[in-house]
Amino acid sequence: MSGIQPTGLPHIGNYFGAIQHWKTLQDTNNYDVVVISVADLHSITLPQNPENLRRNILESVASLLACGLDGERTILFRQSDVSQHTGLGWVLGCLTHMNRLEHLPQWKEKAARNSSTEVPLGLFTYPVLQAADILLYKATEVPVGDDQLKHLELARHLAKLFNNTYGPLFPIPRPLIGEFKRIKSLRNPASKMSKSDKDSKGRIELADSPDEIRDKIRKAFSDCTSNITYEPTARPGVANLIELHSACTGLTPDEICEQSLHLDTLGYKNIVADAVIERLSPIREKIKRLMNDPSHLNNTIKSGCQRAKEIAGPTYEVVRQKLGCI
């Protein structure tokens, strides 16, 4: 079980860091079902324009389908369509202590980034809803990056706590840690590429045109050394470009450096841009085609919702029974 927030078009960091891995899980047939939510409830922890959110939800679904997720083999749905998420989120919130949430690193980071003195409660409690997202489907394995391990630990803790208090129900989900590609911001390689970055030049969105991709990579942070070497600590900007190049082509950093001995940084940026454009062009065209067919996207969401409810509904009824609500 995993999800993506509809806060804008997915970028190439999302693709290599998560979406590509979800497709691999779908295609291996090693799991009874793969569940992916478009996490609209998580997205409203910060204010969203309603019209933009509606479009972002469709763009997220279109992007996932364009990247190879299949609505027949993967349960792909909109989180808020399945009311059991918030129901179980409340139940788990009643088992969660505030001091545990206060120590989660992403809470500290997001609270510090929020300029308002009145930080939304949703930012504080969203890891509890995230735990509900996982446990509602009795997930056994959850694809996570390093930045989400603490949140998965909370889900594991709450599963154990509920089971010990009310009787066995939830499997204890295990982290599924793969070879996730960590693509950093093109403008600030000290930070990961992000949809929320105010500088749009820092990310390459899946629907960016070739000209947009070339412009962003040309303006990517580098340094004054002209040769191409892979030194993540000493040369983080160039290393980030090499990692992006590697993700797009399958070449290792050493192979890339060997092939780029004759290039300066500007010339190498052109090579990286070519590789990114080649990788994203078919995805961009599929997104464009799918966005011109909103009825297909809405039918995919509706079908996924029905299938999600077939799992979530019975699970939540057992939760209510164990609590004594029914």
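Computed from a predicted model, the values in this text were never measured in an experiment.

### Describing the overall build of the chain
Turning to step 1, where the next piece is worked out: Within the chain, the regular secondary structure consists of 13 helices and 5 strands.
Turning to step 2, where the next piece is worked out: Against the globule reference of 20 Å for 326 residues, the chain gives a C-alpha radius of gyration of 21 Å, in line with a compact fold.
Turning to step 3, where the next piece is worked out: Taken along its principal axes, the extent of the C-alpha atoms in the chain is 70 × 45 × 40 Å.
Turning to step 4, where the next piece is worked out: With 326 residues in all, the chain has 49% of them scored as buried.
Turning to step 5, where the next piece is worked out: Within the structure as shown, the chain displays about 16,000 Å² of accessible surface, and the carbon and sulfur contribution to it stands at 50%.

### Section: the packing of helix H1 (residues 12–28) against helix H12 (residues 265–291)
Turning to step 1, where the next piece is worked out: The contact between H1 and H12 brings their axes to 12 Å, and the two run at 70°. As summarised for this structure, H1 and H12 are arranged roughly perpendicular, according to the angle between their axes. The crossing of H1 and H12 is left-handed. Here Ile-12, Tyr-15, Phe-16 and Gln-20 of H1 lie close against H12, whose contacting residues are Val-276, Arg-279, Leu-280 and Ile-283.

### Points about the sheet that holds strand E2 (residues 34–38)
Turning to step 1, where the next piece is worked out: Ordered in space as E1-E2-E3, the 3 strands form an open sheet in which the pairing is parallel. For this open sheet the edge positions go to strand E1 (2–4) and strand E3 (74–78), each flanked by a neighbour on one side alone. Ignoring strand direction, the axes of neighbouring strands in this sheet form an average angle of 25°.
Turning to step 2, where the next piece is worked out: Here E1 pairs with E2 via 3 bridges, running parallel. Residue pairing across strands places Ser-2 opposite Ile-36, the latter belonging to E2.

### Details of the side chain of Asn-240
Turning to step 1, where the next piece is worked out: Residue position: Asn-240 is located in helix H10 (residues 236–249).
Turning to step 2, where the next piece is worked out: Note on Asn-240: relative accessible area 4%, which makes it buried.
Turning to step 3, where the next piece is worked out: Every residue in contact with Asn-240, bar those within four places of it in the chain, is listed here: Arg-182, Ile-183, Lys-184, Ser-185, Leu-186 and Pro-189.

### Focus: the pairing of E3
Turning to step 1, where the next piece is worked out: The buried fraction of E3 amounts to 4 of the 5 residues, a majority that puts the element mostly inside the structure.
Turning to step 2, where the next piece is worked out: With 5 bridges connecting them, E2 and E3 associate as parallel partners. Bridge assignment links Val-35 to a residue of E3, and that residue is Ile-75.

### Here's the deal with helix H8 (residues 149–166)
Turning to step 1, where the next piece is worked out: For H8, with 18 residues, the first-to-last C-alpha span of 26 Å sits near the 26 Å given by 1.5 Å per residue.
Turning to step 2, where the next piece is worked out: If you check which residues of H8 are buried, you get His-151, Leu-152, Leu-154, Ala-155, Arg-156, Leu-158, Ala-159, Phe-162 and Asn-163.
Turning to step 3, where the next piece is worked out: Remark: Gly-167 follows H8 within two positions and exhibits a positive phi of approximately 110°.

### Regarding the environment of Ala-131
Turning to step 1, where the next piece is worked out: With respect to the helices and strands, the residue Ala-131 is situated in helix H7 (residues 121–135).
Turning to step 2, where the next piece is worked out: According to the relative accessible area criterion, Ala-131 is buried, its value standing at 1%.
Turning to step 3, where the next piece is worked out: Between the alpha carbons of Ala-131 and Gly-89 there is a distance of 7.4 Å; along the sequence they are 42 residues apart.
Turning to step 4, where the next piece is worked out: Ignoring any residue separated from it by four or fewer positions in sequence, one finds Ala-131 in contact with Leu-92, Ala-155 and Leu-158.

### Looking at the packing of H10 against H12
Relative placement of two packed helices is described by the angle separating their axes and the distance separating the axes.
Turning to step 1, where the next piece is worked out: Two elements in contact, H10 and H12, have axes separated by 9 Å at closest approach and are oriented at 35°. Here H10 and H12 pass one another in a crossing that is left-handed. Contacts from Leu-241, Ile-242, Leu-244, His-245, Ala-247, Cys-248 and Thr-249 in H10 reach Tyr-268, Lys-269, Ile-271, Val-272, Ala-275, Val-276 and Arg-279 in H12.
Turning to step 2, where the next piece is worked out: Partitioning the contact of H10 with H12 into residue classes produces 10 nonpolar, 2 polar and 2 charged.

### Section: the state of the cysteines
Turning to step 1, where the next piece is worked out: This structure, assessed with the given rule, holds 0 disulfides.
Turning to step 2, where the next piece is worked out: Cys-248 takes part in no disulfide bond, and the closest cysteine sulfur to it belongs to Cys-67, at a distance of 12 Å.
Turning to step 3, where the next piece is worked out: We note that Cys-257 lacks a disulfide partner, and the nearest cysteine sulfur, in Cys-248, lies 16 Å from it.
Turning to step 4, where the next piece is worked out: Classification of Cys-257 by relative accessible area gives buried; the value is 11%.

### As for unusual backbone geometry
Turning to step 1, where the next piece is worked out: Even without being glycine, Lys-138 reaches a positive phi, approximately 50°.
Turning to step 2, where the next piece is worked out: Turning to its location among the elements, Lys-138 is positioned in the loop between H7 and strand E4 (141–143).
Turning to step 3, where the next piece is worked out: Lys-138 gets classed as partly exposed once you look at its relative accessible area, which sits at 37%.

Calculation criteria
- Residues numbered from 1 in each chain as written.
- Predicted model: local features only at pLDDT ≥ 70, side-chain atom pairs only at ≥ 80, totals over all residues.
- Heavy atoms only, no water.
- Helix = DSSP H or I, 4+ residues; strand = E, 2+ residues; numbered from the N terminus.
- Rg over C-alpha atoms; globule rule 2.2 N^0.38 Å.
- Buried < 20%, exposed > 50% of the residue type's maximum accessible area, 1.4 Å probe, protein only.
- Areas by Shrake-Rupley, 256 points an atom, 1.4 Å probe, with all protein chains shown as cover.
- Axes fitted to C-alpha atoms, helices over the stretch in contact; angles between N-to-C directions.
- Parallel < 35°, antiparallel > 145°, perpendicular 65-115°, else oblique.
- Left-handed = near helix turned anticlockwise from the far one by under 90°.
- Contact = heavy atoms within 4.5 Å.
- Pairing = 2+ DSSP bridges.
- Expected span 1.5 Å × (residues − 1).
- Nonpolar A, V, L, I, M, F, W, Y, C, P; charged D, E, K, R; others polar.
- Disulfide = S-S within 2.5 Å.

Everything listed here is a matter of coordinates, which is why it stays silent on function.
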